[in-house]
Amino acid sequence: MSPPAFNFVDVKEKFTAAARQALSGKTCKHLITVFNQISGNEAEKKTTLDQALRGVLGDQIIEQKTSCDDYLSLIYLSIDAVTEGICSATIPFVLLGDVLDCLPLDLCDKIFSFVEKNVSTWKSSSFYTAGKNYLLRMCNDLLRRLSKSQNTVFCGRIQLFLARLFPLSEKSGLNLQSQFNLDNITVFNKNEQESTLGQKQTDEKEDTMEVEEGEMGEDDAPAPCSIPIDYNLYRKFWTLQDYFRNPLQCYDKFSWMTFLKFSDETLAVFKSFKLDDMQASKRKMEDLRASAGEHVYFAKFLTSEKLMDLQLSDSNFRRHILLQYLILFQYLKGQVKFKSSSCVLNDDQSAWIEETTKLVYQLLSETPPEGEKFATMVEHILSTEENWNSWKNEGCPSFVKERTSDDKPKRPTRKRQAPEDFLGKGPERKIFMGNDELTRLWNLNQDNMEACKSESREFMPSLDEFFAEAIEQADPVNMVEEEYKVVRNPNYGWRALRLLSRRSPHFFQPTNQKFKSLADYLDSMVSKLAKELPKDIPSEEIKTGEEDDDDNGDNLLKDSNDSPSIQSKTVTNHQMDDIAAKLGSQWKTLASHLEMKAAEMREIETDSEDVDVQAKLLLVAWQEREGSQATVENLATALSSAGFSQLAERLSEA
């Protein structure tokens, strides 16, 4: 009998009732029990529970009698449900988004406080991957609803939350292409006809008092400004904000001239009108300390003409403008990855920026209170900003460095007792190895490692010692039958191969000869060694046959001992390397004069694709075929016949 079909409506009603009961009891146990009792696919049940939780939240919002605590209780319940694995990991973030979309901004502030407090929960492995995009979208929706000038603190909290949530190397939160906020336009009076700066001084005072009424006492009233303020100064001063908003204008020739002129006049005003550490400023600092640092912050400039006099007398305002200059200069001089190739300063611009930077730091140090300390701190912060720019130029590499194998903590090993702790000390100590023979061998020498390195421990024989018997048997004069030669012994052949690989250069030389057995190969090697051994050992140790000269050409020992002139003219391996390198692709021309067959030439071509190696294989095959007749004279004759006269002359002279 097939199981009953999953009824979405019935299951949703059960989950809704269980969720309401769980909210009243402030526990998730009843919801878990209902989830386990319902039969069906896990994915279907999770999806249904998600819809039920959203339905409960929708009912709470429609009632409009629910407080923020009730919303948060439901979100806490969803977090517990995710932890227990009975609903989707995204449902807490969906519920948060629904709540923030439906509440006014003052209640959104309380809900967002909950989001800030649980940042560690959002960063856990159960929630981060599923919810980071939801949180980012939710924060962006909030920022679009908020006013940057009226809700400045709330906007800052959202930005700080995102900085805590995402890692520092998260590229989605970085201004990678160095784009500017071109919408931040400073609005001021650009019509000189509407300017009020030309009115009488008395009118200015009255208007000023009206603007600042209730904000300054009689003792705090600033002294009248000694710099004449007219519309031209007002216009030039606030026009500079457009360059701070979009620094790319400074790379334009005509815009730069305007910026240069306006900046010189503005900085001249700051330089001529120096602020004193007045008592009013001190009282303001005391008031700030008394109010625990709370003060009003304006995100936009107040550009009223009536405030110009007060702004020039305000140290914080002056610091703000001077700091804008330093930030602008840092961008113009710095290396920015996405800056256009045409955005380059000329020498005059660079020199002016260097001089003006020094002037700005001087004005900052002269601006009270604690001007020098403030200037030093600004310089330090801007220097660290260079590291941030360099990191972005490098493509924002991860700050997490992989631990190398050397840096990995070593597993603590159990310290064993030293032998001296239980075997005694001194030269007479005796180490027992378990039986008498091992104990005798171990204690033959005080330092067994040094004893193993002794020359007396060298058991590998030399080539002449090992192959002396084989060379003697190879001499036809001795008339040793093939089946009785030592090269036919498999044990001898195995040891001969190991010794040749360690001591003989012939072992690794390429050859075209094909051997049917190991004995045939050893016969060939013995013939080669027989020609070399007379150089190192006396002929009496090898020669065991008749002392008289024998005209038999097959006598290997006589060829090597009685004909030193032929032996001295045998082609060496070094000579073959030189000839092969110079022949190159022309080796086939020489092959016909060395009487090489076409089949042998094709075999050489298949062995290697390098023409130098093919030439070397040709000479090696010729040497192995000719044996003792592979002399310098015969090779020189073949080279001359093939048209390589220069090679033949060099070979004869060598």
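Residues numbered from 1 in each chain as written. Predicted model: local features only at pLDDT ≥ 70, side-chain atom pairs only at ≥ 80, totals over all residues. Heavy atoms only, no water.

An unreviewed UniProt entry annotates the protein as THO complex 1 originating from Xiphophorus maculatus.

Caption draft 1: Expanded view of the overall build of the protein. Across its full length, the protein carries 32 helices and zero strands. By the burial criterion, 36% of the 654 residues in the protein qualify as buried. Looking at the protein alone, contacts between residues at least 24 apart form 71% of all its contacts between residues at least 6 apart. Split by element, the accessible area of the protein, about 41,500 Å² in all, is 50% carbon and sulfur. (Helix = DSSP H or I, 4+ residues; strand = E, 2+ residues; numbered from the N terminus. Buried < 20%, exposed > 50% of the residue type's maximum accessible area, 1.4 Å probe, protein only. Contact = heavy atoms within 4.5 Å. Areas by Shrake-Rupley, 256 points an atom, 1.4 Å probe, with all protein chains shown as cover.)

Caption draft 2: Structural context of helix α32 (residues 645-653). Looking only at α32, the buried set comprises L647, A648 and L651. Viewed end-on, α32 has its buried residues packed into an arc of 100°, placing them on one side of the element. More than 90 degrees from the buried face of α32, the exposed residues found are Q646 and E653. Elements in contact with the buried residues of α32: α27 (573-583) and α31 (632-642). (Arc of directions from axis to C-beta.)

Caption draft 3: Molecular detail of the environment of L95. Along the chain, L95 falls in helix α5 (residues 91-102). L95 gets classed as buried once you look at its relative accessible area, which sits at 0%. Sequence-wise, L95 and G58 are 37 residues apart; in three dimensions their C-alpha atoms are separated by 9.4 Å. When near neighbours in sequence (up to four residues on either side) are disregarded, L95 contacts L53, R54, L57, L74, I75 and S78.

Caption draft 4: Fine view of the environment of G97. With respect to the helices and strands, the residue G97 is situated in helix α5. Taking C-alpha positions, G97 is 9.7 Å from L142, a pair spaced 45 residues apart along the chain.

Caption draft 5: Inspection of the pattern of salt bridges at higher detail. By the definition in use, this model includes 19 salt bridges. Of the charged contacts in the structure, one is a salt bridge between D98 and R54, with a shortest N-O distance of 3.0 Å. On the criterion of sequence distance, the pair formed by D98 in helix α5 and R54 in helix α3 (residues 42-63) is long-range, its members being 44 residues apart. A residue is classified by how much of its surface remains accessible, and D98, at 19% relative accessible area, is buried. For R54, a relative accessible area of 36% translates into the label partly exposed. Linking D109 and R157 is a salt bridge whose minimum nitrogen-to-oxygen distance equals 2.4 Å. Of the two residues, D109 sits in helix α6 (residues 105-117) while R157 sits in helix α9 (residues 152-165), which places them 48 residues apart along the sequence. Under the relative-accessibility criterion, D109 is labelled partly exposed at 27%. Here R157 falls in the buried class, since its relative accessible area comes to 19%. Among the charged side chains, a network of salt bridges with common partners joins E482, K485, R488, D520 and D523. (Salt bridge = Lys/Arg side-chain N within 4 Å of Asp/Glu carboxyl O.)

Caption draft 6: Region of the structure containing the side chain of E624. Here E624 is to be found in helix α30 (residues 611-626). The exposure class assigned to E624 is buried, which follows from its relative accessible area of 14%. Ignoring anything within four residues of it in the chain, the contact list for E624 reads P510, T511, N512, Q513 and K528.

Caption draft 7: Geometry of the packing of aromatic side chains. Scanning the entire structure with this criterion turns up 30 aromatic pairs. Measuring from centroid to centroid gives 6.0 Å for F259 and W352, while their planes differ by 75°, and the two rings are edge-to-face. Of this pair, F259 sits in helix α12 (residues 253-272) while W352 sits in helix α16 (residues 347-366), and the two are 93 residues apart along the sequence. The buried category is assigned to W352, whose relative accessible area is 13%. Among the aromatic side chains, those forming a connected cluster through ring pairs are Y243, F244, W256, F259, Y325, F329 and W352. The ring of F35 has K45 lying over it, and the distance from NZ or CZ to the ring centre is 4.4 Å. (Phe/Tyr/Trp six-rings, centres within 6.5 Å; stacked < 30°, edge-to-face > 60°. Lys NZ or Arg CZ within 6 Å of the ring centre and 35° of its normal.)

Caption draft 8: Expanded view of the confidence of the model for the protein. Here the protein averages 80 in pLDDT, while 81% of its residues score no lower than 70. Within the protein, α16 carries the highest mean pLDDT (94), whereas helix α25 (residues 556-561) carries the lowest (39). Note on residues 204-223: pLDDT under 50 across the span, and 16 contacts to partners over four residues away in sequence or across chains. (pLDDT = per-residue confidence, 0-100.)

Caption draft 9: Layout of the nonpolar core. Counting residues in hydrophobic clusters, the biggest one holds 57 residues, and the most contacted among them are F15, V115, W122 and F161. By residue number, the principal contributor to this core is helix α4 (residues 68-84), which donates nine residues. Excluding anything up to four places from it in sequence, W122 contacts I79, F93, L96, F114, V115, F127, Y128, L135, F161 and L165. Ranked by size, the runner-up nonpolar core spans 46 residues in total, among them I229, Y243, F259 and V269. (Core = buried A, V, L, I, M, F, W, Y, C linked by side-chain atoms within 4.5 Å.)

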